Amino acid sequence: MTFKKTLAVGTAAAVALSLAACSSDSTSGNGTGADASNANYVIANGSEPQNPLIPANTNENGGGRIIESIYSGLVYYDADGKVHNELAESIELEGDKTYKVTIKEGSTFADGTPIKAEHFVNTWNHAVEKALLSNYFFEPILGYEEGKKEMEGLKVVDDKTFTIELAQPESDFPTRLGYSAFFPLPPEALEDMDSFGEKPNGNGPYKLAEWNHNESALLVPNENYDGPRKAQNDGIKFVFYSNFDAAYADLLSGNLDVLDAVPDTAFATYESELGDRAVNQPSAVFQSFTIPEKLEHFSGEEGKLRRQAISMAIDRKEITDTIFQGTRTPATDFTSPVIPGHTDQLKGASVLEFNPEKAKELWAKADEMSKFTGEFSIAYNADGGHQAWVDAVANQIKNNLGIEAIGNPYPDFKSLRDDVTNRTIGSAFRTGWQADYPSLANFLAPLYATNASSNDGDYSSAKFDELINQGDGAKTVEEGFNSYLEAQEVLLEDLPAIPTWYANTVGGFSENVENVIFSWKGQPEYHEITKK
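Residues numbered from 1 in each chain as written. Predicted model: local features only at pLDDT ≥ 70, side-chain atom pairs only at ≥ 80, totals over all residues. Heavy atoms only, no water.

Caption draft 1: Structural view of the domain arrangement of the protein. Segmentation of the protein into domains returns domain 1 (40-257 + 510-531) and domain 2 (283-503). Distance between the C-alpha centres of domain 1 and domain 2: 28 Å. At the interface, 25 residues of domain 1 touch 31 residues of domain 2. Carbon and sulfur atoms supply 54% of the area buried between domain 1 and domain 2, which totals about 2200 Å² over both sides. In terms of surface lost to domain 2, no three residues of domain 1 exceed Q50, S171 and W520, which account for 27% of the buried area on that side. (Domains from an automatic or database assignment. Contact = heavy atoms within 4.5 Å. Buried area = accessible area lost by both parts, 1.4 Å probe.)

What follows is the structure, given as structure tokens:
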């Protein structure tokens, strides 16, 4: 399938996180620490959401972690990435491409309004009609066309039943239904998205009590939620930090309860300082930097040569060893080792190996086509702890290719994402992806399929798109693996993004809390945390 680009009103990523769920990975924050008046709340780090809290219009980490707590979907993913029913009583395949969905009795929004089949159908159609950021997730549904008012593949049977007919069989479609784009909204949300997104009436284990922009957000338990993710605490307060050094200091002093990203300045000490409260585990997070097709010298065959040269000029092992001190692993592909079907034996993966001699040779070939002048810069959000690795990568490119290369800091994640989303950025930029659902395809199609909404470098390859279609249309998830791996081999040749490393979940928690579990995609299971 060919994904349609979505440009939201106001202003996701290949940090995209990931997302990336979703999601674009922010690894960022903005604000100050907690105070004693929050004693009954679990205090956690977060970052200012890019947009109002509308599920299908959020594909970055700051908004995503809130949305996943105040909304719920037909299914959810447990800490290990396994799929379980949440609002769905059942999801049954009828034929080879039609699903019959039955909603559990008693399901309501936070204000007590019963959730009906029409809420799913109307919300999904609205996301497509209004071209919300994640509308491309609905493309498998029969009749999808960005801007279209209704998709013919969605039919309401009765208050608790609706059907989803796909354009072609898609083996992992039910797995996708736990992603936030598929969460239902009440009718009032479709009338005024921006206003509703400031004070949402969700249906998850929590509801939004306060949102102090650029400072914090407070979630409290939703008394009308009766699902499997029942809150085990009095609420979650997300504090938006300006840098992770401040957040880590608050963690050590007991003013922050949960931190999901230790600053690089503490990599050498955090395990001894936190003891058994330190966390270092693999997660479904891929990191990279993207070089837009539109940049001078980076399109066509010349651009392919330069991307390959830049990739081979980077010593990933040295950076992960010296800067990240074992909290990152050099990338060998575009996905994550924790995802089923991953392999480190892809054809063409040598382009991710450090080879400065070959890098110089490729750069010289590109110069024969058009001489490179000026400097190469990598934009990053200064509030996310990225300066050290960006500077190291830039220095390696400078030293190994003989060009000027620098880091280009933005003050915060939102300002960087706004320029990326609006296509006003004039340099390479850091990207990454935190999985929305546990699938190889989730790391590939949203970021690199033609016109996909998180395809921030505007890459397009008919061969890649065809292979993604083949993988999606396989009879089983496992049978689709080979197509997705072949699609990655296309990416390794073209390098629409430069893979750098896989990120471990590196975090910790205070002595004030218990039952802290970090999930398969690196976020705490907030509803399970208890205060001592």
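Caption draft 2: Broad picture of the packing of helix 13 (residues 440-448) against helix 15 (residues 481-494). Following both chains from N to C, one finds helix 13 and helix 15 inclined at 45 degrees, their axes separated by 10 Å at the closest point. Accordingly, the angle class assigned to the pair helix 13 and helix 15 is oblique. Where helix 13 crosses over helix 15, the handedness of that crossing is left-handed. Contacts from L440, A441, L444 and Y448 of helix 13 reach helix 15 at F481, Y484, L485, Q488 and L491. Its residues assigned to classes, the contact of helix 13 with helix 15 shows 8 nonpolar, 1 polar and no charged. (Axes fitted to C-alpha atoms, helices over the stretch in contact; angles between N-to-C directions. Helix = DSSP H or I, 4+ residues; strand = E, 2+ residues; numbered from the N terminus. Parallel < 35°, antiparallel > 145°, perpendicular 65-115°, else oblique. Left-handed = near helix turned anticlockwise from the far one by under 90°. Nonpolar A, V, L, I, M, F, W, Y, C, P; charged D, E, K, R; others polar.)

Caption draft 3: Molecular detail of the sheet that holds strand 5 (residues 98-103). Reading across from one edge, 4-5-7-6 is the order of the 4 strands in this open sheet, with antiparallel pairing throughout. Here the strands that pair on one side only, and so sit at the sheet edges, are strand 4 (88-94) and strand 6 (154-158). Taken pair by pair, the neighbouring strands of this sheet meet at an average axis angle of 20 degrees, ignoring direction. Pairing of strand 6 with strand 7 (residues 161-165) involves 4 bridges; the strand directions are antiparallel. (Pairing = 2+ DSSP bridges.)

Caption draft 4: Representation of the nonpolar core in the model. Judged by nonpolar contacts, the single largest core of 148 residues is most densely connected at W124 and F376. Summarising the domain contributions, this core has at least three residues from each of domain 1 (40-257 + 510-531) and domain 2 (283-503). Sequence-distant contacts of W124, that is, excluding residues within four places in its chain, are made with L74, F138, I141, M151, L154, F162, I164, L177, A181, F182 and F183. Counting 6 residues, the second-largest nonpolar core is a separate cluster that includes A379, L416, V420 and F429. (Core = buried A, V, L, I, M, F, W, Y, C linked by side-chain atoms within 4.5 Å. Buried < 20%, exposed > 50% of the residue type's maximum accessible area, 1.4 Å probe, protein only.)

Caption draft 5: Structural view of unusual backbone geometry. Even without being a glycine, A131 presents a positive backbone phi close to 50 degrees. Summarising the element assignment, A131 is placed in the loop between helix 2 (117-129) and strand 6. Phi angles above zero are rare outside glycine, and D458 is one such case at about 60 degrees. In this fold, D458 is placed in the loop between helix 13 and helix 14 (462-472). Accessibility expressed as a relative area gives 34% for D458, which makes it partly exposed.

Caption draft 6: Structural view of the pattern of salt bridges. The full count for this structure, using the stated rule, is 23 salt bridges. As a salt-bridge pair, D367 and R306 come within 2.9 Å of each other at their nearest N and O atoms. Of this pair, D367 sits in helix 10 (residues 356-369) while R306 sits in helix 8 (residues 300-312), placing them 61 residues apart in sequence. We note a salt bridge from D367 to K371, for which the minimum N-O separation is 3.6 Å. (Salt bridge = Lys/Arg side-chain N within 4 Å of Asp/Glu carboxyl O.)

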